[in-house]
Each structure stands twice: as structure tokens, then as C-alpha cells.
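# Structure at a glance
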Amino acid sequence: MECRILFLPSGLEARVAPGSNLLEAAREAGLTVASACGADGICGRCGLEIVEGENTLAPASERERLVRERNRVD
């Protein structure tokens, strides 16, 4: 099974395995996305937002929750 990710407003698309990193998928689709954390997923500043399909994601890990809280990311 693969997941389809549509990046808006560009319309670029990536198909990735479940559990893939969203930042890596964006880059694979050809999008340039800044990441102060070096793609470690700990800064929360990339500005990527899930607008549909969030109910299919695994629950946020404790680490993800703490990072979002620390960086004031919803």
C-alpha cells in the first residue's frame, strides 16, 4: 500500500510508503522546503500542514507533541 500526497498550491504529488517522512516526500516531489532542524523533524518550522486525511495518520508521538508545544505549532 502507498500513500498519495498532494502538495498545495503547487499541485505536485508524491506517492510514498506509509510512515514516510512528510518533509522527505515534499523534497522527493521537487519542492524546496527549508528545515532549520536539518530534516530531523524536531524544529517544526517547515510550515507543512496536513489539510486532509489526518485521520489516517498514526497518533502523534510524545516527541512530536513536545516539539509542537515547544515551537507553538498547532
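Analysis parameters
For every chain, the first residue of the written sequence is number 1, and numbering continues from 1 along that sequence. Local features are withheld for residues below a pLDDT of 70 in this predicted model, meaning they are given only at 70 or higher, and side-chain atom pairs are given and counted only at 80 or more; totals for whole chains, interfaces and linings count all residues. With hydrogens and water excluded, all non-hydrogen atoms of the structure serve as input to the side-chain values. Nonpolar core, defined: a set of buried Ala, Val, Leu, Ile, Met, Phe, Trp, Tyr and Cys residues in which side-chain atoms within 4.5 Å join the residues together. Using a 1.4 Å probe on the protein chains alone, a residue whose accessible area is under 20% of its type maximum counts as buried, one over 50% counts as exposed, and one in between counts as partly exposed. Helical segments are the DSSP runs of H or I of at least four residues, strand segments are the runs of E of at least two, and each set is numbered from the N terminus. Two residues form a contact once any of their heavy atoms are found within 4.5 Å. Criterion used throughout: strands pair if DSSP finds at least two bridges between them.

Once that is clear, we can look at the nonpolar core. Judged by nonpolar contacts, I5, F7, A14, V16, L23, A25, A26, A29 and V33 together constitute the single largest core of nine residues. Secondary-structure elements contributing two or more residues to this core are β2 (13-16) and α1 (22-28). Top element by residues in this core is α1. It accounts for three residues. If we skip the residues at most four places from it in the chain, A26 touches F7, L31 and V33.

Right, let's get into the pairing of β2. In β2, alternate side chains face the same way, and those of A14 and V16 are buried while those of E13 and R15 on the opposite face are not. Where strand β1 (residues 3-6) and β2 come together, four bridges link them in antiparallel fashion. Residue R4 lies in a different strand from β2, and its bridge partner there is R15. Connecting the antiparallel pair β1 and β2 is a turn made up of six residues, with G11 showing a positive phi of about 80°.

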